[in-house]
Amino acid sequence: MRWPAMWPQRLASRRGERLSGVAIVSGTEAGAIERAAQALAAGELVGVPTETVYGLAARADDDRAVARIFETKGRPSDHPLIVHVVGRDQAAQWAAPWSDGAEKLAAAFWPGPVTVIVQRAADSATTAAAGLPTLALRSPAHPVVRDLLARCAELGVPGLAAPSANRFGHVSPTTAAHVRDEFGDDLLVLDGGACTLGIESAIVDVSGDQPVLLRPGVVGRDELERALGQPLRDADEHSVRAPGTLENHYAPRATLRLMSSDELRSALSLLPATVKGVAVYSRTAPRRHPLVRVMPDDPRAVAQELFAVLREFDDRGTKLIWVEQPPDTAPWEGVNDRLSRAASR
Ligand code: TXA
Ligand code: MG
């Protein structure tokens, strides 16, 4: 599938709705890209839409600007960031070498939701890479961030370091309003609508002999392996040199429990339907039950809404979220990964 074919999308935050000041600006409004590009060129942070989740961006070649990302997120400085680029030409400048595996994945999936880890060119993006000898690179597909990257390149900015635009450990944002909820009105956020994919990119380490899947995404393992022409190894404690990739991230404030369909139905039958503080997200529980939010049958549809649903539960003051465990099959790998992290807090 070509990712850009999924546009156009609706704008998430209607003007005047819960918005104040000028923190959120439509990415398609005249002058918005220019304003954001100038701010980034000057070393400021900007919230940006991507097709996966919103990012908190700074120019990748400015260590002071990148250090501000870590401060703003409350992220430990040894957790490396992804550098976002226009495409392969720009990516290759950050890498030494731009590996064969990186080339294959970029040719197959860029622009799109796949991040490659390569050996880093000397003295480049040191702060973004948290001092590691490797660097994560991705060319995002969202038209607003693509326009922004192109304008930044004209201003001499060779890439944007951007983690997900949430406070450390929290659920990633999939609308501009989510980003404002995380960081308040002082941050300029380009509004590109609700993210069409909804979970973060797949991360493949192609810096060594054998490619390693560090984080599953919506592009399936089989598609990645087909593009690479070889099998992917799973991340383990030896392969993951980056802290953060295997930890309990992506957690809502409420406690989240994963349950089988049977467990969930019998637990639900024991609760009064009017009980406060419990929310259920399930494919098979009774649809009309007041506690139940229906989970779609399609893994892509669940990925798209998952983080927004968890945020909605938190906003309602939910204390306990029961989620029906999706099937243990390849198309659900990305969703199952995020759910098990959210449950392991
Ligand atoms: O879809 C996405 O990837 C989003 C959007 C904004 O592009 N970005 C994102 O960034 O999810 P972040 O920082 O929330 O997650 C990046 C992950 C972290 O778990 C980090 O440890 C890993 O990428 N990572 C970054 N550089 C790495 C490296 N050199 N080696 C291994 N893992 C790395
Ligand atoms: Mg993140």
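A brief look at the structure comes next.

It is worth spelling out the overall build of the protein at this point. Secondary structure assignment for the protein yields ten helices and 15 strands. Scored against the burial criterion, the 345 residues of the protein give a buried share of 56%. Summed over all atoms, the accessible surface of the protein reaches about 14500 Å², with 50% contributed by carbon and sulfur.

Two elements in contact, helix 1 (residues 32-41) and helix 5 (residues 143-154), have axes whose closest approach is 9 Å; the angle formed by their N-to-C orientations is 55°. With respect to their mutual orientation, helix 1 and helix 5 come out oblique. Judged by the twist between their axes, the crossing of helix 1 over helix 5 is right-handed. Touching I33, E34, A36, A37, Q38 and L40 of helix 1 are V144, D147, L148, R151 and C152, all from helix 5. Grouping the amino acids of the contact of helix 1 with helix 5 by side-chain chemistry returns seven nonpolar, one polar and three charged.

Let us look at the nonpolar core. Within the largest apolar cluster, 47 residues are counted, with the highest numbers of intra-cluster contacts made by V83, W98, V116, L137 and L224. Judged by nonpolar contacts, the second largest core, of 24 residues, contains L197, I199, A279 and F313.

Quick look at the site of ligand 1 now. The environment of ligand 1 is made up of 25 residues, and the closest members are T52, H84, S164, S201 and R215. Interatomic distance of 3.1 Å between a side-chain N/O atom of R138 and an oxygen atom of ligand 1. With the chains in place, 97% of the 680 Å² that ligand 1 exposes on its own is no longer accessible. At the level of elements, strand 4 (82-84), strand 6 (134-138) and strand 10 (212-215) are the ones that each hand at least two residues to the shell around ligand 1. Counting residues per element, the shell around ligand 1 draws most heavily on strand 6, at four residues. In terms of residue class, the shell around ligand 1 is built from 14 nonpolar, seven polar and four charged.

The buried fraction of strand 13 (residues 278-282) is high, at five of five residues. Because side chains alternate across strand 13, one face comprises the buried residues V278, V280 and S282, and the other comprises A279 and Y281, equally buried. Pairing of strand 13 with strand 15 (residues 320-324) involves four bridges; the strand directions are parallel. Counterpart to Y281 in the pairing with strand 15 is V323. Examined bridge by bridge, strand 13 and strand 14 (residues 292-294) share three bridges and lie parallel to one another. Within strand 14, the residue paired with Y281 across the bridge is R293.

Pairing between the strands of a sheet is mediated by backbone hydrogen bonds and can be parallel or antiparallel. Pairing is parallel across the open sheet formed by four strands, whose spatial order is 12-15-13-14. At either end of the open sheet lies a strand with only one pairing partner, and these are strand 12 (255-259) and strand 14. Taken pair by pair, the neighbouring strands of this sheet meet at an average axis angle of 20°, ignoring direction. Sheet analysis places strand 12 next to strand 15, joined by five bridges and oriented parallel. Within strand 15, the residue paired with M259 across the bridge is E324. On top of the sheet, helix 8 (residues 261-270) reaches strand 12, strand 13, strand 14 and strand 15; it is set at about 140° to strand 15, its chief contact.

Secondary-structure assignment places R341 in helix 10 (residues 333-343). Among the polar contacts made by the side chain of R341, one reaches the side chain of D337 at a distance of 3.0 Å.

Calculation rules
- Residues numbered from 1 in each chain as written.
- Chains lettered and ligands numbered in written order.
- Predicted model: local features only at pLDDT ≥ 70, side-chain atom pairs only at ≥ 80, totals over all residues.
- Heavy atoms only, no water.
- Helix = DSSP H or I, 4+ residues; strand = E, 2+ residues; numbered from the N terminus.
- Buried < 20%, exposed > 50% of the residue type's maximum accessible area, 1.4 Å probe, protein only.
- Areas by Shrake-Rupley, 256 points an atom, 1.4 Å probe, with all protein chains shown as cover.
- Axes fitted to C-alpha atoms, helices over the stretch in contact; angles between N-to-C directions.
- Parallel < 35°, antiparallel > 145°, perpendicular 65-115°, else oblique.
- Left-handed = near helix turned anticlockwise from the far one by under 90°.
- Contact = heavy atoms within 4.5 Å.
- Nonpolar A, V, L, I, M, F, W, Y, C, P; charged D, E, K, R; others polar.
- Core = buried A, V, L, I, M, F, W, Y, C linked by side-chain atoms within 4.5 Å.
- Near = heavy atom within 4 Å.
- Polar contact = N/O pair within 3.5 Å; in protein donor to acceptor, adjacent residues only side chain to side chain.
- Pairing = 2+ DSSP bridges.

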